[in-house]
Amino acid sequence: MKRILAASLLLLTLSGCGGKSEPYSTDFFAMDTFMSVKVLGSDGESLAQQCENEINALESVLSRTREDTDIAKLNAADGAPVTLSAEGAKLLSTALDLSAATNGAYDPTVAPLTDLWGIGTERQQVPAQSDIDAALQTVGTQHVHVSGDSVHLDGGSRIDLGGIAKGYAADLCADILKDVDADGLLVLGGNIYAVGTNEGKDWNIGIADPDEPTDTVAAVAVHDLSVVTSGDYERYFEQDGVRYHHIFDPKTGYPAASGLRSVTVIDENSTRADALTTALFVMGADKGRAYCEENGIAAVFVTADKQVFTTSRVADVCTFTFTGEDKGYTYAQ
């Protein structure tokens, strides 16, 4: 968490401030991560508080670690149908659609694998293959059955919407600022939304060096866009010289061995970008890049052999700057 906090602070530093309007900033912890909301203008404090309230309300619906939420009740129902709130039903439907769109590379049903490995907790482990095989029998969106706002899961299956929850929160908060034509920067863990401009200029967002997340390998200058990154440096442990990270391949039951260290997606829809960073990481460099080119996705890939490359769409939506040369990275256009 300290590494994530440092990286988030770096991104805020890179964004800068033009100095013409005194920004209001608030920092808080929600959805298991550090968050920061910066708003320019006279109503900054009120708007930032609205954003924080929105995020807290959303967490009370989507968290699977709190017993009173929609998702926790669904996971604990042991196959019985559960009626979700409008917000819970909407986001679950969105998650299922995004899973279908990525051919299952993003999968909201990987919770049994997440729990089994316990990465980032005191019980993190490399599970027995038999346990992984058993968990895989419960993973897959075919185990989710939706009828209106009523949902039931097959036995042993569980939902985890953490893969898109912060993106969804960023979209909601961006709308709060956009509705009153306010400018601001939302940093929700690895999800950043640059709303409007920074005193008439684009916001400059750094893409972290996976080996040293307080430094960067690239930067993108954007406005009215979300910049979302998923990387193997966010939550991981090492055992016998092998790094085991938190981004699981739903087909193998193991952390994705895709040859990537991080994927960043630049998109106006942060929910979609959130799912895509996970999916592209699982796909790997070649398949991920082909998927992006086919679907017009702006993405930045950082590989395990220290290459940084972008998709063609990046040039259309932002100004990209490579900063990783002195850190041993190569920009492979």
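Residues numbered from 1 in each chain as written. Predicted model: local features only at pLDDT ≥ 70, side-chain atom pairs only at ≥ 80, totals over all residues. Heavy atoms only, no water.

Structural notes on the nonpolar core
Residues Ile55 and Leu280 are the most contacted members of the largest nonpolar core, which totals 66 residues. If we ignore the near neighbours within four places in the chain, the residues touching Ile55 are Phe28, Ala30, Met31, Met35, Ala169, Cys173 and Leu188. Listed in part, the 23 residues of the second largest apolar core include Leu185, Val217, Ile266 and Val300. (Core = buried A, V, L, I, M, F, W, Y, C linked by side-chain atoms within 4.5 Å. Buried < 20%, exposed > 50% of the residue type's maximum accessible area, 1.4 Å probe, protein only. Contact = heavy atoms within 4.5 Å.)

Considering helix α8 (residues 270–283)
Helix length check: α8 (14 residues) gives 20 Å between terminal C-alpha atoms against 20 Å at 1.5 Å per residue, within 8%. In terms of burial, α8 is a largely internal element, 13 of the 14 residues being buried. Downstream of α8 by a residue or two, Gly284 has a phi angle that is positive, lying close to 95°. (Helix = DSSP H or I, 4+ residues; strand = E, 2+ residues; numbered from the N terminus. Expected span 1.5 Å × (residues − 1).)

With respect to the environment of Leu92
Counting through the fold element by element, Leu92 comes out in helix α4 (residues 86–101). The class for Leu92 is buried, based on a relative accessible area of 2%. Through-space distance from the C-alpha of Leu92 to that of Thr65 is 17 Å; in sequence the pair is 27 residues apart. Not counting chain neighbours up to four residues away, the residues in contact with Leu92 comprise Leu84, Val144, Val151, Ile159 and Leu161.

Here's the deal with the pattern of salt bridges
What the rule picks out here adds up to twelve salt bridges. A salt bridge links Arg64 to Asp115; the nearest nitrogen and oxygen atoms lie 2.7 Å apart. Within this pair, whereas Arg64 is found in the loop between α2 (44–62) and α3 (70–76), its partner Asp115 is found in helix α5 (residues 111–117), the two being separated by 51 residues in sequence. Of the residues examined, Arg64 reaches a relative accessible area of 22% and is grouped as partly exposed. (Salt bridge = Lys/Arg side-chain N within 4 Å of Asp/Glu carboxyl O.)

Side note on the pairing of strand β13 (residues 260–267)
Burial analysis of β13 places eight of its eight residues in the buried class, the great majority of the element. Bridge analysis of strand β10 (residues 225–231) against β13 gives six bridges, and the strand direction is antiparallel. Note on β13: the bridge partner recorded for Val228 is Val265. The sheet contact formed by β13 and strand β14 (residues 298–303) spans six bridges and is antiparallel. Paired with Val263 across the two strands is Phe301, which belongs to β14. (Pairing = 2+ DSSP bridges.)

What about the sheet that holds strand β5 (residues 150–153)?
The strand order β3-β5-β4 describes an open sheet built from three strands, whose pairing is antiparallel. The open sheet is flanked by β3 (82–83) and β4 (144–147), the only strands paired with a single partner. Taken together, the four bridges between β4 and β5 define a ladder with antiparallel strand orientation. Residue pairing for β5: Ser147 is matched across the bridge by Ser150.

A look at the side chain of Asp107
Within the fold, Asp107 resides in the loop between α4 and α5. Only 2.6 Å separates the side chain of Asp107 from the side chain of Thr109, close enough to count as a polar contact. (Polar contact = N/O pair within 3.5 Å; in protein donor to acceptor, adjacent residues only side chain to side chain.)

Structural notes on the packing of aromatic side chains
Under the counting rule described, the total for this entry stands at seven aromatic pairs. Ring centres of Trp117 and Tyr244 lie 5.5 Å apart, and the angle between their planes is 40°; on these two criteria the pair is classed as tilted. With Trp117 in helix α5 and Tyr244 in strand β12 (residues 242–245), this residue pair connects regions lying 127 residues apart in the sequence. Take Trp117 and Tyr244: they sit in the same class, and that class is buried. By way of ring pairs, the aromatic residues Trp117, Phe237, Tyr244, Phe248 and Tyr254 are connected into one cluster. (Phe/Tyr/Trp six-rings, centres within 6.5 Å; stacked < 30°, edge-to-face > 60°.)

Considering the confidence of the model for the protein chain
When pLDDT is averaged across the protein chain, the result is 92; 94% of the residues are at 70 or more. Predicted confidence is poor over residues 15–20, with pLDDT under 50, and the contacts of this stretch with residues over four places away or in other chains come to 14 contacts. (pLDDT = per-residue confidence, 0-100.)

A word on the environment of Leu96
Turning to its location among the elements, Leu96 is positioned in helix α4. Expressed as a C-alpha distance, the spacing of Leu96 and Thr321, which sit 225 residues apart in the sequence, is 34 Å. Filtering out sequence-adjacent residues up to four positions away, Leu96 remains in contact with Pro108, Thr141, Val144 and Val146.

Observations concerning the sheet that holds strand β9 (residues 212–222)
Strand order in the open sheet made by the three strands is β8-β9-β16, with antiparallel pairing throughout. The open sheet terminates on both sides in strands that have one partner only, identified here as β8 (203–209) and β16 (319–322). Between one strand and the next, the sheet's axes are offset by a mean angle of 35°, whatever the strand orientation. Bridge count for β8 against β9 is seven bridges, and the pairing is antiparallel. If you follow Asp209 over to β9, its bridge partner there is Glu212. (Axes fitted to C-alpha atoms, helices over the stretch in contact; angles between N-to-C directions.)

Examining the side chain of Arg261
Looking at where Arg261 falls in the secondary structure, it is placed in strand β13. Residue Arg261 is classed as buried on the basis of its relative accessible area, which comes to 11%. A polar side-chain atom of Arg261 sits 2.7 Å from a polar atom in the side chain of Asp232. With residues near it in sequence (within four places) discarded, Arg261 still touches Pro210, Asp211, Ser230, Gly231, Asp232, Tyr233, Arg243, Phe281, Val302, Thr303 and Ala304.

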